[in-house]
Amino acid sequence: METIHSIFDFKPTQETYVTIGTFDGVHIGHQKIIEKLVLEAKANHKKSLLLTFFPHPRMVLQQDASVKLINTIQERIDLLAKTGLDYLIIHPFSRDFSRLTALDFVRDILVNQLNTSKLIIGYDHHFGKNREGNIEQLTEYSHLYDFNVEEIPAQDIDEIAVSSTKIRKALLNGELKTANNYLGYSFVLRGVVVNGKKLGSKIGFPTANINVEETYKLIPKTGVYVVQALIDNKLTFGMMNIGSRPTVNGSSQTIEVHFFDFKKDLYNQHISVELLYFLREEQKFNSIEMLTNQLKQDEISSRNYLQNKV
């Protein structure tokens, strides 16, 4: 897959089959659309192309700092790279770009710039200034500019209408199993390991403190999770706490992972941690001893989960 960071840097050498959208999460509904696009493009000797945007339109148009996304842009690229797409275009979303009318978008972008032969879109797709463009207009313009349009009905994507919004809500509610089922993979937190307070080491549970640098990345519900990470090409299991460490009067949210049977120093390394199971809510204990006893029980519960999972 070739990744291109502007529509205007794309120089098509042949006709393309295109899909458009934010694709946050690259969930099972998205995967069905992309799979269809890739297979049809190959069958008709065309190139498959996915057009997405960054920053998220709401971040630009509403200056909404509260927008939280399932994937960072790099995570989205990594997921899309596995789908068999020929091209991924990540176009910078701006106010100027948002003012393109539906007609301008179809004529100038889809037809003249992307050389679109067929457009495959999900149910209820809108585009152009004020989201004025819809499937009816697309169909009308497709006759005018000689390309095909196919809308995938909601029931063909999934009877339960998987959506990025539902996945975000599930993650924030601690419903990790639901979220991971909708995603088709385990939700990931990725970041740099930074120095912490070292309390974990003192009580026998050393942790890697992860700093997720992208402020728009959704952080799931506070609590304890069973996790895994690929470290030095070895799958390593552990448990993660997301929270403010109320037992020691912590004031800011931290993400701390204790890896089982692991001694290596991970400071300043980038790691990706997959969340497998929501174990329990975060609690405030009356003493460090009570916290330590609970962590011992969490480790037993985590290992039991992993043993049964395998």
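For the structure, see preceding data.
Just so it is clear, the model here is predicted, and its values are computed rather than measured. (Residues numbered from 1 in each chain as written. Predicted model: local features only at pLDDT ≥ 70, side-chain atom pairs only at ≥ 80, totals over all residues. Heavy atoms only, no water.)

What to know about the nonpolar core
Within soluble globular proteins, side chains that are nonpolar generally end up buried alongside one another.
Moving on, step 1. Residues F187 and M240 are the most contacted members of the largest nonpolar core, which totals 30 residues.
Moving on, step 2. Of all elements in the fold, only α8 (164-172), α9 (176-183), β7 (188-194), β8 (208-211), β9 (223-231), β10 (234-243), β11 (254-259) and β12 (270-280) reach the threshold of two or more residues within this core.
Moving on, step 3. Beyond its immediate stretch of four places on either side in the chain, M240 contacts L189, I210, G223, V224, Y225, V227, I255, E256, V257, V273 and L275. (Core = buried A, V, L, I, M, F, W, Y, C linked by side-chain atoms within 4.5 Å. Buried < 20%, exposed > 50% of the residue type's maximum accessible area, 1.4 Å probe, protein only. Helix = DSSP H or I, 4+ residues; strand = E, 2+ residues; numbered from the N terminus. Contact = heavy atoms within 4.5 Å.)

Notes on the packing of aromatic side chains
Moving on, step 1. Under the defined criterion, the tally for this structure stands at nine aromatic pairs.
Moving on, step 2. Each ring, one from Y277 and one from Y305, has its centre 4.5 Å from the other, and the planes form 15°; the classification is stacked. Of this pair, Y277 sits in strand β12 while Y305 sits in helix α11 (residues 288-309), placing them 28 residues apart in sequence.
Moving on, step 3. The class of Y305 is partly exposed, set by a relative accessible area of 22%.
Moving on, step 4. Put simply, the rings of F53, F93, F97 and F105 pair up and form one aromatic cluster. (Phe/Tyr/Trp six-rings, centres within 6.5 Å; stacked < 30°, edge-to-face > 60°.)

Describing the environment of N195
Moving on, step 1. Looking at the element boundaries, N195 is found in the loop between β7 and α10 (199-202).
Moving on, step 2. Take N195: its relative accessible area is 57%, and that puts it in the exposed class.
Moving on, step 3. Along the primary structure N195 and E175 are separated by 20 residues, whereas in three dimensions their C-alpha atoms are 30 Å apart.

Thoughts on the packing of helix α5 (residues 102-113) against helix α6 (residues 135-145)
Relative orientation and spacing of two packed helices are given, respectively, by the angle between their axes and the distance between those axes.
Moving on, step 1. Running from N to C, α5 and α6 point in directions that differ by 50°, and their axes come no closer than 11 Å. The orientation of α5 relative to α6 falls into the category oblique. Two packed elements cross with a definite hand, and for α5 against α6 that hand is right-handed. Between α5 and α6, the residues in contact are A102, L103, V106, R107, L110 and V111 and Q137, L138, Y141 and Y145, respectively.
Moving on, step 2. Of the residues that constitute the contact of α5 with α6, the class distribution is eight nonpolar, one polar and one charged. (Axes fitted to C-alpha atoms, helices over the stretch in contact; angles between N-to-C directions. Parallel < 35°, antiparallel > 145°, perpendicular 65-115°, else oblique. Left-handed = near helix turned anticlockwise from the far one by under 90°. Nonpolar A, V, L, I, M, F, W, Y, C, P; charged D, E, K, R; others polar.)

Just geometry here; none of it tells us what the structure is for.
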